[in-house]
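Notes for the structure review
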Amino acid sequence: MSTLQWAGLLLLAVLAGAVVPFQSAINTNLARGLGHPLWATLASLLVSVLVLLPVIVALRLPLPSLAFIGKAPLWMWAGGAFGVCFVALAVVLVPKLGASGFVALALAGQVLASMVLDHFGLFGLLEKQLTLSRVFGAVLLMAGVVLIQFSPALEKSAAAVG
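This one's a predicted model, so the numbers in the text were calculated from it and none came from an experiment.

Attention now goes to the packing of helix α1 (residues 3–34) against helix α2 (residues 37–58). Two elements in contact, α1 and α2, have axes separated by 7 Å at closest approach and are oriented at 125°. Accordingly, the angle class assigned to the pair α1 and α2 is oblique. Where α1 crosses over α2, the two elements pack in a sense that is right-handed. Only P37, W39, A40, A43 and S44 of α2 make contact with α1, whose side of the interface consists of Q23, N27, L30, A31 and L34. Per-class residue counts for the contact of α1 with α2 are 7 nonpolar, 3 polar and no charged.

See the structure below:
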């Protein structure tokens, strides 16, 4: 893969992460208007379907294999449930933690779970052994989460001491 292709993939990954706080903040407001976080979750996922279907049609994607659908293990269908979990929890937690706190904590959870998935090569992923440098990176991330989420309290306690 060329450096330019690699840079493009990195940029797309950053973009994928950048939309999360917008999605969470917008869905939080939607929940207030609709009266419950689960209604906002449903509305968000329905809009996802309405946006995705025309894209699938425009790209003229072939229909999926019915044979695969019938024989796929149940765990392969769990992604939708995880999506519901993420969207619903974002709607509930963003007003309490703030967008940066929620995203930092969610990112920490993603990194920790990803390291387990990679280490064991779960769900067909390429195995990436847990190394000291990867663990150190995760520890640094956790330190960043603490600073992002608790910095006002840390600053108050530091000012009280000083």
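Residues at a pLDDT of 70 or more form 99% of the protein, whose mean pLDDT is 91. Here helix α5 (residues 132–161) stands out as the least confident element of the protein, with mean pLDDT 83; α2 is the most confident, with 97.

Let us now look at the packing of aromatic side chains. For the coordinates displayed, the defined rule picks out 2 aromatic pairs. Judged by centre distance (4.8 Å) and plane angle (45°), the rings of W75 and F123 are tilted. With W75 in the loop between α3 (66–71) and α4 (78–120) and F123 in the loop between α4 and α5, the pair connects residues that are 48 residues apart, well separated along the chain. Look at W75 and you get partly exposed, because its relative accessible area is 44%. Centre to centre, the rings of F86 and F102 are 5.6 Å apart; their planes meet at 50°, and the pair counts as tilted.

As a further point, take the pattern of salt bridges. Evaluation of the coordinates by the stated rule reveals 1 salt bridge. D118 serves as the salt-bridge partner of R134, at 3.3 Å between the closest nitrogen and oxygen. One end of the pair, R134, is in helix α5; the other, D118, is in helix α4, with 16 residues separating them in the sequence. For D118, a relative accessible area of 17% translates into the label buried.

Let us now look at unusual backbone geometry. With a phi angle near 55°, R60 is a residue other than glycine that sits in the positive phi range. For R60, the position within the fold is in the loop between α2 and α3.

Let us now look at α2. Taking 1.5 Å of rise per residue, the 22 residues of α2 would be expected to cover 32 Å, and the 32 Å separating its terminal C-alpha atoms lies within 8% of that figure. Among the residues of α2, A40, T41 and S44 are the ones counted as buried. The arc that holds every buried residue of α2, seen down its axis, measures 100°, which confines them to one face. Facing away from the buried side of α2, by more than 90 degrees, are the exposed residues L38, W39, L50 and V57. The secondary structure elements touched by the buried residues of α2 are α1 and α4. At the exit of α2 stands R60, carrying a positive phi of roughly 55°.

Rules used throughout
- Residues numbered from 1 in each chain as written.
- Predicted model: local features only at pLDDT ≥ 70, side-chain atom pairs only at ≥ 80, totals over all residues.
- Heavy atoms only, no water.
- Axes fitted to C-alpha atoms, helices over the stretch in contact; angles between N-to-C directions.
- Helix = DSSP H or I, 4+ residues; strand = E, 2+ residues; numbered from the N terminus.
- Parallel < 35°, antiparallel > 145°, perpendicular 65-115°, else oblique.
- Left-handed = near helix turned anticlockwise from the far one by under 90°.
- Contact = heavy atoms within 4.5 Å.
- Nonpolar A, V, L, I, M, F, W, Y, C, P; charged D, E, K, R; others polar.
- pLDDT = per-residue confidence, 0-100.
- Phe/Tyr/Trp six-rings, centres within 6.5 Å; stacked < 30°, edge-to-face > 60°.
- Buried < 20%, exposed > 50% of the residue type's maximum accessible area, 1.4 Å probe, protein only.
- Salt bridge = Lys/Arg side-chain N within 4 Å of Asp/Glu carboxyl O.
- Expected span 1.5 Å × (residues − 1).
- Arc of directions from axis to C-beta.

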